[in-house]
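The primary structure of each chain is shown beneath.
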Amino acid sequence: MRVLVLGSGGREHALVRRLSADPDVTVIAAPGNPGIAGIAPVFPVNSTDPDAVLAVVAQQEVDLTVVGPELPLSVGIADAFARAGRLLLGPTAAAARLETSKAFAKAFMARHGVPTARFHTADSADDALAVVRSGSFGFPVVIKADGLAAGKGVVIATSLPDAEEAVLAAMTGNRFGSAGNRVVIEECLTGPEVSFFVLSDGTRALPIGTAQDHKRIFDNDEGPNTGGMGAFAPSPLMTSALHAQVMREVVDPVIAGMAAEGHPFQGFLYVGLMLTPSGPRVIEFNVRLGDPEAQVILPRIADPLTPLLAAAARGSLEASTCALADDVQVGVVIASRGYPESSESGQPIRGIAEAEAMGTSVIHAGTAEHGGQVVTNGGRVLTVVASGARFSDAIDRAYAGVRAISFDGMQYRTDIGRKALAISG
Ligand code: AMP
Ligand code: GLY
């Protein structure tokens, strides 16, 4: 089977690596990155242009396309592939609203009894201001731009003036463009966050692993939010009882509800959960794998993955369980100077081969190749991933790999995985 992985980040490099390990599978990628190009043919293409991607698929005789990021899904690449009669794993634009519209996701959860934070959707600044001023959600209160905002659309306001400012910035100040024309106002929940991943064919859902991300830039979860500075899998907080509860209270009603509403959800569903004192609550949905979560969950999938993805894309996922390895995975992101506000490019990167010789996987995200030299090209540059029988081993091995790598201005957190150690050792 010939598989095309669409995207150019760390998640897609991890997908290409994992799918390449399956028997009888040839993987190509578009547009890819230098790490991906080291293991698979890559084709330049604008991944948000479905016709351009379909042209690569026809020319390269691709049997299955796997979409990494949300943007191609939000513009309807799955719809275009369906019209063209080509197999693709990923939801239609209508089903992708679980991620692309927080107002849709919240109203959908309310319709189907999925546990989530209490909320109000406001279409005007006057309405939003009235709601925060009423104090009905207390403080802190969470203000979220409705649309895609590259992970930056959420403000946790600790006071009324902060909440008013967040509302005005989104709704009249155009901080998030049209994504902020609507806001969702939510009660602020507390508890650890866990990412829960399933693969769905539109009617069934196969759990494929859990992970925990580290969203803040600095150690001890301090500083601004980022796309994710590291992750580990599985989440030791996810007991088998809790896992069953999340399937029953969240995943099953979501898959059934989307199908009942005429928009069956096919693809990877990422459920962002907060484990509150009153039980698990959905914080957000993503309609794709996470980055860097993909880097740590994919290596744990022990069954051949490509046939599962193809079956999900065809709507005929028969497997109800997927074998996961006993080992744990830890991934440490290395970012460039200035991230997350800005990023520096063009710095030569040394030590990738040395880190890999130590048994780690060095996953590329923001890299480029200039005259045979790999250089930085963006905020999050690499994820160094290591496995171990226990978290302490995986953490030590991942950080040994990180220390083998160097470039000017590199920054990384030194505490990735410590949360897991505190729970499971
Ligand atoms: P989201 O983009 O919806 O995942 O939100 C980004 C981050 O904001 C989440 O990972 C949480 O850390 C935080 N957050 C979002 N919603 C809430 C909430 N209702 N209560 C507390 N924290 C939240
Ligand atoms: N790591 C969070 C995300 O992929 O959205």
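This text gives an overview of the structure that appears in the document.

Calculation notes
Residues numbered from 1 in each chain as written. Chains lettered and ligands numbered in written order. Predicted model: local features only at pLDDT ≥ 70, side-chain atom pairs only at ≥ 80, totals over all residues. Heavy atoms only, no water. Buried < 20%, exposed > 50% of the residue type's maximum accessible area, 1.4 Å probe, protein only. Helix = DSSP H or I, 4+ residues; strand = E, 2+ residues; numbered from the N terminus. Pairing = 2+ DSSP bridges. Near = heavy atom within 4 Å. Polar contact = N/O pair within 3.5 Å; in protein donor to acceptor, adjacent residues only side chain to side chain. Areas by Shrake-Rupley, 256 points an atom, 1.4 Å probe, with all protein chains shown as cover. Nonpolar A, V, L, I, M, F, W, Y, C, P; charged D, E, K, R; others polar. Axes fitted to C-alpha atoms, helices over the stretch in contact; angles between N-to-C directions. Expected span 1.5 Å × (residues − 1).

**Observations concerning the pairing of strand 9 (residues 193-201)**
Part 1 of the argument: Among the nine residues in strand 9, eight count as buried, and that is most of the element.
Part 2 of the argument: Bridging between strand 9 and strand 14 (residues 266-276) involves nine bridges; their strand directions are antiparallel. By the bridge assignment for strand 14, F196 is matched with V271.
Part 3 of the argument: When strand 9 meets strand 10 (residues 205-213), the two strands line up antiparallel, connected through six bridges.

**A word on the site of ligand 2**
Part 1 of the argument: Every residue close to ligand 2 is listed here: D213, G227, Y270, N286, R288, G290, D291, P292 and E293.
Part 2 of the argument: The separation between a nitrogen atom of ligand 2 and a polar side-chain atom of E293 is 2.8 Å.
Part 3 of the argument: Alone, ligand 2 offers 200 Å² of accessible surface; in the complex the protein occludes 88% of this.
Part 4 of the argument: Classifying every residue of the shell around ligand 2 gives two nonpolar, three polar and four charged.

**Focus on the sheet that holds strand 15 (residues 279-286)**
Part 1 of the argument: Read from one edge of the open sheet, eight strands run 15-14-9-10-13-16-21-18, paired in antiparallel fashion. Two strands close off the open sheet at either side, each with one partner strand: strand 15 and strand 18 (361-364). Averaged over all adjacent pairs, the angle separating strand axes in this sheet is 25°, with direction ignored.

**Observations concerning helix 14 (residues 391-404)**
Part 1 of the argument: Here helix 14 is 14 residues long and its end C-alpha atoms lie 20 Å apart, about the 20 Å a rise of 1.5 Å per residue gives.
Part 2 of the argument: Those residues of helix 14 that fall on the buried side of the exposure criterion are F391, S392, A394, I395, A398, Y399, G401 and V402.

**Examining unusual backbone geometry**
Peptide bonds are mostly trans, and most non-glycine residues show a negative phi.
Part 1 of the argument: With an omega of 0°, the peptide bond between F139 and P140 qualifies as cis.
Part 2 of the argument: Of note, the amide linkage connecting Y339 to P340 takes the cis form, showing an omega dihedral of 10°.
Part 3 of the argument: One can find P340 in the loop between strand 16 (328-335) and strand 17 (345-348).
Part 4 of the argument: You will see that D24, though not glycine, has its phi angle at about 60°, which is positive.
Part 5 of the argument: A positive phi angle is found at E61, which is not glycine, with a value near 50°.
Part 6 of the argument: Position of E61 relative to the elements: it lies in the loop between helix 3 (50-59) and strand 3 (64-67).
Part 7 of the argument: Its relative accessible area of 59% is what places E61 among the exposed residues.

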